[in-house]
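Residue-level structure breakdown
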Amino acid sequence: MKPAPFRYHRARSAEDATRLLSELGDEAKVIAGGQSLVAMMNYRLARPAHLVDIGGLRTLDHLHTDADGALRIGALTTHHTVETAPPDVLEPGFGVLRRAMGWIGHLPIRTRGTVGGSLAHADATAEWCLLAVALGAEIVAEGPRGSRRIRAEDFFFGYYTSALDPDELLVEIVFPRPAPHAALTEFAERRGDFALVAAAVDLDVAGGAVHGGRVALGGVAPAPVRVPEAEAVLAGGGTFAECAAAAAEASDPPGDAAGGPEYRRHLIRTLVRRACEEAMAL
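Residues numbered from 1 in each chain as written. Predicted model: local features only at pLDDT ≥ 70, side-chain atom pairs only at ≥ 80, totals over all residues. Heavy atoms only, no water.

1. Quick look at the state of the cysteines
Overall, the coordinates contain zero disulfides when judged by the stated rule. With no disulfide of its own, Cys276 lies closest to Cys243 among cysteine sulfurs, the gap being 4.3 Å. Here Cys276 falls in the buried class, since its relative accessible area comes to 0%. (Disulfide = S-S within 2.5 Å. Buried < 20%, exposed > 50% of the residue type's maximum accessible area, 1.4 Å probe, protein only.)

2. Concerning the packing of helix H10 (residues 228-235) against helix H11 (residues 240-250)
Taken N-terminus to C-terminus, the directions of H10 and H11 make an angle of 160°; their axes are 7 Å apart at the nearest point. When the axis of H10 is compared with that of H11, the two are roughly antiparallel. Where H10 crosses over H11, the handedness of that crossing is right-handed. Residues Glu229, Ala230, Val233 and Leu234 of H10 form the contact with H11, whose participating residues are Phe240, Glu242, Cys243, Ala246, Ala247 and Ala250. (Axes fitted to C-alpha atoms, helices over the stretch in contact; angles between N-to-C directions. Helix = DSSP H or I, 4+ residues; strand = E, 2+ residues; numbered from the N terminus. Parallel < 35°, antiparallel > 145°, perpendicular 65-115°, else oblique. Left-handed = near helix turned anticlockwise from the far one by under 90°. Contact = heavy atoms within 4.5 Å.)

3. Let's talk about the sheet that holds strand E3 (residues 50-53)
In spatial order, the strands read E1-E3-E2; together these three strands make up an open sheet with parallel pairing. At either margin of the open sheet sits one strand with a lone partner, and together these are strand E1 (7-10) and strand E2 (28-31). When strand polarity is set aside, the average angle formed by the axes of neighbouring strands in this sheet is 25°. (Pairing = 2+ DSSP bridges.)

4. Quick word on the side chain of Asp16
Along the polypeptide, Asp16 turns up in helix H1 (residues 14-24). A residue is classified by how much of its surface remains accessible, and Asp16, at 14% relative accessible area, is buried. Excluding anything up to four places from it in sequence, Asp16 contacts Arg10 and Ala11.

5. Some thoughts on a nonpolar patch on the surface
On the surface, Met1, Tyr43 and Leu45 cluster together to form a nonpolar patch covering roughly 440 Å² of accessible area. The class for Tyr43 is exposed, based on a relative accessible area of 60%. (Patch = residues over 30% accessible without salt bridge, like charges linked within 9 Å, V, L, I, M, F, W, Y side chains within 5 Å. Areas by Shrake-Rupley, 256 points an atom, 1.4 Å probe, with all protein chains shown as cover. Salt bridge = Lys/Arg side-chain N within 4 Å of Asp/Glu carboxyl O.)

6. Considering the pairing of strand E7 (residues 146-151)
Note that strand E6 (residues 138-143) and E7 share six bridges and pair antiparallel. Across the sheet, the residue bridging to Gly143 is Gly146, located in E7. A loop of two residues connects E6 with E7, the two strands running antiparallel in sequence.

7. Let's talk about the packing of aromatic side chains
Across all of its chains, the model carries two aromatic pairs by this definition. Considering the side-chain rings of Trp128 and Phe175, the 6.3 Å spacing of their centres and the 45° angle between planes classify their relative orientation as tilted. A residue pair is termed long-range when its members are at least 10 positions apart, and Trp128 in helix H8 (residues 127-134) and Phe175 in strand E10 (residues 169-175) qualify at 47 residues. Each of the two residues, Trp128 as well as Phe175, counts as buried. For the ring pair Phe155 and Phe156, a centre distance of 5.0 Å and an interplane angle of 90° mean the geometry is edge-to-face. Take Phe155 and Phe156: they sit in the same class, and that class is buried. (Phe/Tyr/Trp six-rings, centres within 6.5 Å; stacked < 30°, edge-to-face > 60°.)

Written out as structure tokens, the structure is:
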């Protein structure tokens, strides 16, 4: 398959990219690593009239921790960069990000795919989207009206739809606090495939006991979602099995050729409990 005709534009800066997006309108798409967009264009599931290439904007390729403990990741940082980051950058507070990278496709995809591209693509099963919601991240967007920070829970609207305006560029994701007891796990029919269900947890652990936490699911709704019913079980001193059961009971997952709703609820119970156990063991 070949993509439909399009015009190519190479942005020289973030400001140049937003100017182009503003001028070109809804018919323009941003391309970075191209691991999702190019495949969709080749199958003609996406037919942008214009591509704005931001691949040369090195200022958007960074990974560092602020003095206040927040982790900042530039939009053009690749999955593999996170996977191979020095221990002093991610450990121990953000080790979940390194571990989660192993679930993303295969090595060639991780070396080209970018953090910002995954978030902007807004796939409900994508690991970065789920991590952003589970860890309370903020998305930084720049546009003609300036810069704004968007909570991850407010960023994802539905299938491949986000809060980004057509003339805005996603430039950074910020994880505001360490999450030393966090874990992500998922199930796919084959390693590297899109997950049928994914679960991420961030436990609040003190004195060897769980006092609460965040539970988020991917693949069970049009966007990654938190599960307050499961979080209430953790806050109330319930077991991981009870937390997992509450997550499954509160979910209304879709059914398709890969499995029906009850099968996905079984996966939720298994994966949430597994993620809790992994997080507690850290």
